[in-house]
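Architecture at a glance
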Amino acid sequence: MEIRILGPVGLCGPGEETSVMPERVRRFLAALAWRPNSFVADDAAVEQVWGDDPPQRPRDALYTCATRLRRAFAERRLDAPCPVIRRAGGYVLMVDPGCIDLHRSRRLVCQARNAAREGDPVAAVALYDSALELWSGIPLSDLGSPWAAAARISLEQERLANVIGRLRIDLRLGHHMENVPVLHRLAADHPFDEAIAEMLMLALYRSGRQTEALGCFDLMRRRLIDQLGDEPGAALRELQQKVLCRDPSLEPGHELVVF
């Protein structure tokens, strides 16, 4: 049994389609799955499900959501105990966090970072890939609540950090040319992110494209000045100078960290 929130929210067994549930039930599931095995008070759950427009009898409405969610679990877990537990004043989702795509992804990212620290970048990239494969689109994409909208922003930032973490390691493995298109797309989507610009410049330079690397810096500088009234940070300026001078430390094989 898998609980999915990194895309449309729902329950899914092996080889099954994601369950179809009313949106308020999916909102309740997401609220519980966000913090598995932790107590979620009724008031907090009501706010996450209905926002500023709660029903007249919110606890009764929440009880109905819980009943429908239990029914959805029962349809897929057969004789297994229902994980939606009522406690005084709230609910708990008693599950292995590994059955929730978000928490499984976080576990894999933690393992990837450990592998990188222990000097195994190949394993680190593979673990990052496994974590990113769990993201099946826009997280919480079928929920329209204010809580879901705020959570989506946080989750999308988390995913971007994972993508950047994976790319950093892959560049250190010498995979520059094949990552240039990926970095170009990221730079277009995040035009003020200097860490992405630095990685793109380095990948271009190490792919024999010095002029394009310098053009990347010039474009970022114009954006920052025109729209934010600011100059690029010290790291980006230092990298530009090294690219201009063809600094040997930029060559593949050097353990240079510029981002």
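Our subject is the structure listed above.
Since this is a predicted model, take the numbers as computed values, not measurements.

1. Regarding the sheet that holds strand β4 (residues 84–87)
Strand order across the open sheet formed by 3 strands is β3-β5-β4, with antiparallel pairing between neighbours. On the outer flanks of this sheet lie β3 (40–41) and β4, each paired with one strand and no other. Contacting β3, β4 and β5 (90–93), helix α1 (residues 23–34) runs over the sheet at an angle of about 70° to β5.

2. Focus: the packing of aromatic side chains
Under the criterion given, the structure shown has 2 aromatic pairs. Arranged with centres 5.3 Å apart and planes meeting at 85°, the rings of F28 and Y91 form a pair that is edge-to-face. Here the residue F28 occupies a position in helix α1, and Y91 occupies one in strand β5, the gap between them amounting to 63 residues. Overall, the relative accessible area of 0% leaves F28 in the buried class. Looking at Y91, the relative accessible area reads 2%, which means it is buried. Between W34 and W147, the ring centres sit 5.4 Å apart and the planes meet at 80°, which makes this aromatic pair edge-to-face. Here the residue W34 occupies a position in helix α1, and W147 occupies one in helix α6 (residues 146–172), the gap between them amounting to 113 residues. Residue classification places W147 among the buried positions, given a relative accessible area of 18%. One residue, R86, lies across the ring of Y91, its end atom 4.6 Å from the ring centre. Sitting above the plane of the W34 ring, R106 keeps its charged end 5.9 Å from the centroid.

About the criteria used
- Residues numbered from 1 in each chain as written.
- Predicted model: local features only at pLDDT ≥ 70, side-chain atom pairs only at ≥ 80, totals over all residues.
- Heavy atoms only, no water.
- Pairing = 2+ DSSP bridges.
- Helix = DSSP H or I, 4+ residues; strand = E, 2+ residues; numbered from the N terminus.
- Contact = heavy atoms within 4.5 Å.
- Axes fitted to C-alpha atoms, helices over the stretch in contact; angles between N-to-C directions.
- Phe/Tyr/Trp six-rings, centres within 6.5 Å; stacked < 30°, edge-to-face > 60°.
- Buried < 20%, exposed > 50% of the residue type's maximum accessible area, 1.4 Å probe, protein only.
- Lys NZ or Arg CZ within 6 Å of the ring centre and 35° of its normal.

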